[in-house]
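Here is how the chains run, residue by residue.
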Amino acid sequence: MKIAVMGYGTIGSGVVDVLRINKDKIAKRAGEEIEVKYILDLRDFPGDPMEDKIVHDYETIVNDPEIGIVVETMGGVEPAYTFVKAMLEAKKQVATSNKNLVAAKGAELIKIARDNTVNFQFEASVGGGIPIIRPLNKCLTADEIEEITGILNGTTNYMMTKMAEEGADFDDVLKDAQDKGYAEKDPTADIEGHDPCRKIAILTSLVCGCQVDFEDIHCEGITKITAADFKYAKAMNRSIKLLAKSRRVKDSYSCMVAPFMLGSEHPLSGVNGVFNGIFVHGNVLGDAMFYGSGAGKLPTASAVVADIVDMTKHAHTNIYIDWKPEKITLVDFKDSVNSFFVRTTSDHAAVEKAFGKVEYVDGGVNGESGFTTKEMTEADFEAAAAEIEVLNRIRLG
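What this report covers is the structure whose coordinates are included nearby. Quantities reported herein were computed from a predicted structural model and do not represent experimental measurements.

Further remarks concern the side chain of T155. By the secondary structure assignment, T155 is in helix α7 (residues 154–166). Taking relative accessible area as the criterion, T155 reaches 7% and is therefore assigned buried. In terms of polar contacts, T155 uses its side chain to reach the side chain of D190, at 3.5 Å. Aside from chain neighbours lying at most four places away, what touches T155 is Y182, A183 and D190.

The next thing to look at is the layout of surface pockets. The volume enclosed by the largest pocket comes to roughly 1100 Å³. Contributing to the lining of the largest pocket are 37 residues, with I11, K99, E184, D195 and A295 lying nearest its centre. Looking at the lining of the largest pocket, the elements with two or more residues in it are α1 (10–21), α5 (99–115), α7, α9 (188–191), α10 (194–208) and α12 (297–313). Sorting elements by how many residues they give to the lining of the largest pocket places α10 first, with 4 residues. Across the lining of the largest pocket, the residue classes tally to 12 nonpolar, 17 polar and 8 charged. Estimates place the volume of the second largest pocket at around 330 Å³. Lining the second largest pocket are 17 residues, and of these M163, A164, E165, F230 and K234 sit closest to its centre. Elements represented by at least two residues in the lining of the second largest pocket include exactly α7, α11 (227–235) and β9 (238–249). For the lining of the second largest pocket, the class distribution of residues is 7 nonpolar, 5 polar and 5 charged.

As a further point, take a positive patch on the surface. Taken together, the side chains of K25, K28, R29 and K313 define a basic patch exposed on the protein surface. Ranked by residue count, the leading element in the positive patch is helix α2 (residues 23–30), at 3 residues. Along the chain, K28 turns up in helix α2.

Rules used throughout
Numbering of residues begins from 1 in every chain and follows the order in which that chain's sequence is written. Only residues with pLDDT of at least 70 are given local features in this predicted model, and only at 80 or more are side-chain atom pairs given and counted; all residues enter the totals for whole chains, interfaces and linings. Only heavy atoms go into the side-chain values, all of them from the structure, while hydrogens and water stay out. The secondary structure listing takes helices from DSSP runs of H or I that are at least 4 residues long and strands from runs of E that are at least 2 residues long, numbered from the N terminus. Burial classes: relative accessible area under 20% of the type maximum marks a residue as buried, over 50% as exposed, and values in between as partly exposed (1.4 Å probe, protein chains only). Residues adjacent in sequence count toward polar contacts only when both atoms are side-chain atoms; beyond that, a polar contact is any pair of N or O atoms within 3.5 Å, and within protein one must be able to donate a hydrogen and the other to accept it. Residue contacts follow a heavy-atom distance rule, with two residues in contact if any of their heavy atoms lie within 4.5 Å. Cavity: a set of points on a 1 Å grid over the protein atoms alone where a 1.4 Å probe fits but cannot get out. Pocket: an open set with protein on both sides within 12 Å along at least five of seven lines, its lining residues, like those of a cavity, having an atom within 4 Å of a point. Grid points are joined across faces, edges and corners, and a volume is the space filled by probe spheres set on the points. Note on residue categories: nonpolar means Ala, Val, Leu, Ile, Met, Phe, Trp, Tyr, Cys or Pro, charged means Asp, Glu, Lys or Arg, and polar means any other residue, Gly included. Every patch collects residues that have over 30% relative accessible area and no salt bridge, joining them within 9 Å if they carry like charges and within 5 Å if they are nonpolar side chains (Val, Leu, Ile, Met, Phe, Trp, Tyr). For accessible areas, the Shrake-Rupley method is used with a probe of radius 1.4 Å. Any residue's cover is judged against the shown protein chains and nothing else. Each reported salt bridge corresponds to a side-chain nitrogen of Lys or Arg within 4 Å of a carboxyl oxygen of Asp or Glu. In this tally Asp and Glu are treated as negative and Lys and Arg as positive; neither His nor the chain ends contributes. Charged groups are reduced to one reference atom each: NZ for lysine, CZ for arginine, CG for aspartic acid, CD for glutamic acid.

Below, the structure is given as structure tokens:
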């Protein structure tokens, strides 16, 4: 099987490395050797062992009948979408790690692949090296998946863990994450929650079989979390995690990305550092947890290569993925139900007038107090919160 890799950055070079490191094992599992014939990139790589494979025009790959599988690790929606569409229409199978592309164009590319009796696979687009797409598509097809809750971003999880362990402030842990290479120079997609928002949109689309637009999902990042919040969390024996949540509600889904305070009994409360964890609840399976390296060169490349092996074994056969282009309308965010932890400078009388019975929390922070509410809709919370001075609020999980 001759393949091409589009994008020779961190993940693309990782795919080439994995194919080399585990060459014999991969050939045995795929039923034939897998050889990289082309690498598409704008740059040249003088001195690189693969420099003779570098090409600069994607049509070189489109027009070569020897190429059976194309790996897309370029990132972004364009030109990745144009290139991938052309490959599928040329009856070449495609594996991608590109969550932006899958979230925006997944349903359309799956249909194009089906129409051309090839495959479009994207295991590495969610959770890096953690297998979650294939289990949802194959192992759990007998289940009605009622909930998916995940820590789907290693950068923010590293930052939250550091804040919890060291009592550090947000700006300090962000700089540390950037210095260690966990956070980009522009960390917006991570710290504002856009990255996990795209990932939970992909997972929800696969579960419901329809298009879930990430723009429709309520999304909050971690920029408002402070060292004081962690003092209260410690007093409550809770951890603070940025969660991406999807829950079935009648014929629709309630989706959200936001920080949550988790009790020590929650299966995601102990997922720390750059690791990811994905909690799944099915109506017959019950609870299941997927845990591991959610990013990184070789873990992510490992998931891409698993797709390559799967597609090599299923050449000329479309592996059915239930994800139609029809869009599903999500439950209105204001109607979703949560309980909340709130920090305030208002007195107890004002708090109880606004929220009724609450439970107070002593976080040892001067000049303010904390409390937790009963379960209530987001709309009802906003109405009550408008009657007091709120310093911050975090949902309870």
